[in-house]
Amino acid sequence: MQAIYIPHLLQALHRTQTLVFDDFIPELETLTPFRGKMRVRHGGTFLQVSVKGETIITLTCDPCLQQYNRRLNLDTSEIIWLDKDVDIQSYPQEREIAWEDLSETLSSEGHFDAQSWLYEQLSLAVPLRQLCGKDCQPPTTENDENTPITDGRWSGLEALKRQLSP
Ligand SMILES: [Zn+2]
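Since this is a predicted model, take the numbers as computed values, not measurements. Sequence order sets the numbering: in each chain, residues are counted from 1 along the sequence as written. Note on the predicted model: pLDDT of at least 70 is required for a residue's local features to be given, and 80 or more for side-chain atom pairs to be given and counted; whole-chain, interface and lining totals, by contrast, use all residues. Values shown for side chains rest on all heavy atoms present in the structure; no hydrogens or waters enter the calculation.

A. Spatial organisation of the overall build of the protein. Helix and strand labels come from DSSP, where a helix needs a run of H or I of at least four residues and a strand needs a run of E of at least two; each type is numbered from the N terminus. The helix and strand inventory of the protein stands at four helices and seven strands. Within the span of the protein, comprising 166 residues, buried residues form 33% of the whole. Here a residue-residue contact requires only that any non-hydrogen atoms of the pair lie within 4.5 Å. Counting contacts in the protein only where the partners sit at least 6 residues apart, residues at least 24 apart contribute 58% of the total. For the protein, the exposed surface amounts to about 11,600 Å²; the carbon and sulfur share of it is 51%. A simple rule labels every residue: compare its accessible area, found with a 1.4 Å probe on the protein chains alone, to the largest value its type can have, and call it buried under 20%, exposed over 50%, or partly exposed in between. To measure how exposed things are, a 1.4 Å probe is used in the Shrake-Rupley method; for residues, cover is taken only from the protein chains shown.

Quick look at the structure:
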């Protein structure tokens, strides 16, 4: 796990630490390690985290359930609010609107868990609809023609299906 002790960033050059990744991310099924760079900058009251990199992720196609690989490019950044006490409940509601990009809050005395953050970003980058190919269709039942049709209503449907199929 790569975690950064946040106060240490204040002593770093440009208050910035760069992490280089060439690792498999635990709990994320990828074909190749994640290769990329993460930059964590201490902005006094916030952390600015940005990451650029790529991996090849193994996905399961929704219609045909086959596994396929897809390149995942990550190029994103996030602002993480810092506060001595992380109790965000004590904040006035207005702040959430004014700082709409500040989705997360960390203790300024705490750690920034770079790997978890990376995992989150990669998970967000995974497409919701997973398709192995443009024309992927659900698997058709191969034994259609061999199955005797006993119900008359179905034979009508079968005839129609034969007319429609190329
Ligand atoms: Zn498929």
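Next, the rest of the story.
B. Structural detail: the coordination of the zinc ion. Protein ligation of the zinc ion involves Cys 61 (SG), Cys 64 (SG), Cys 132 (SG) and Cys 136 (SG), the donor distances falling in the range 2.2 to 2.3 Å. Each donor residue of the zinc ion belongs to the same chain, and together they define the spacing C-x2-C-x67-C-x3-C. Taken together, the positions of Cys 64 in the loop between strand E4 (46-60) and strand E5 (67-83) and Cys 132 in the loop between helix H3 (114-125) and helix H4 (152-164) put the pair 68 residues apart, joining distant regions of the chain. For Cys 64, a relative accessible area of 17% gives the class buried. For Na, K and Ca the donor cut-off is 3.2 Å, while for other metals it is 2.8 Å, and in both cases only N, O and S atoms qualify; water is not among them, so sites may look incomplete.

C. Spatial organisation of H3. In a helix, the anticipated span is given by 1.5 Å times the number of residues less one. In this model, H3 (12 residues) spans 16 Å end to end at C-alpha, consistent with the 16 Å of a helix rising 1.5 Å per residue. By the burial criterion, the buried members of H3 are Ala 114, Gln 115, Trp 117, Leu 118, Gln 121 and Leu 122. For H3, the arc enclosing every buried residue in end-on projection is 160 degrees, short of the 170-degree limit, so these residues lie on one face. The distance from a side-chain oxygen at the start of H3 to the backbone nitrogen of Gln 115 is 3.3 Å, and the residue carrying that oxygen is Asp 113. This arc corresponds to the set of directions leading from the helix axis out to the C-beta atoms. Pairing of N or O atoms within 3.5 Å defines a polar contact, subject to two protein rules: one partner must be a possible hydrogen donor and the other a possible acceptor, and residues neighboring in sequence count only if both atoms are side-chain atoms.

D. Just the side chain of Thr 30, in detail. On the secondary structure map, Thr 30 appears in the loop between strand E2 (16-23) and strand E3 (34-42). Only 3.0 Å separates the side chain of Thr 30 from the backbone oxygen of Thr 32, close enough to count as a polar contact. Beyond its immediate chain neighbours, meaning those up to four positions away, Thr 30 contacts Phe 24, Thr 55, Ile 56, Ile 57 and Thr 58.

E. Focus on the pattern of salt bridges. In the sections that follow, a salt bridge refers to a side-chain nitrogen of Lys or Arg positioned within 4 Å of a carboxyl oxygen of Asp or Glu. Within this structure, the stated rule accounts for two salt bridges. Linking Arg 71 and Glu 54 is a salt bridge whose minimum nitrogen-to-oxygen distance equals 2.5 Å. Here Arg 71, found in strand E5, pairs with Glu 54, found in strand E4; they are 17 residues apart in sequence, far enough to count as distant. Glu 54 sits in the partly exposed class, given a relative accessible area of 31%.

F. View of the pairing of E5. Strand pairing requires that DSSP identify at least two bridges connecting the strands. Note: E4 against E5, 15 bridges, orientation antiparallel. Within E5, the residue paired with Thr 58 across the bridge is Asn 69. Two successive antiparallel strands, E4 and E5, enclose a turn made up of six residues, where Leu 65 displays a positive phi of approximately 60 degrees.

G. The environment of Arg 129, seen in detail. On the secondary structure map, Arg 129 appears in the loop between H3 and H4. In this structure Arg 129 comes out as exposed when scored by relative accessible area, which is 62%. Along the chain, Arg 129 and Asp 62 lie 67 residues apart, while their C-alpha atoms are 7.1 Å from each other.

H. Just the packing of aromatic side chains, in detail. Under the pairing criterion, centres of Phe, Tyr and Trp rings, with the six-membered ring standing for Trp, must be within 6.5 Å; the plane angle then separates stacked pairs below 30 degrees from edge-to-face pairs above 60, leaving the rest tilted. Going through the model one piece at a time under the given rule, you end up with two aromatic pairs. For the pair Phe 21 and Phe 34, a centre-to-centre distance of 6.2 Å together with 70 degrees between the ring planes defines the contact as edge-to-face. Highlighted residues: Phe 21 in strand E2 and Phe 34 in strand E3, separated in sequence by 13 residues. Residues Phe 21 and Phe 34 agree in their burial class; the two are buried. Measuring from centroid to centroid gives 6.2 Å for Phe 112 and Trp 117, while their planes differ by 55 degrees, and the two rings are tilted. Look at Trp 117 and you get buried, because its relative accessible area is 2%.

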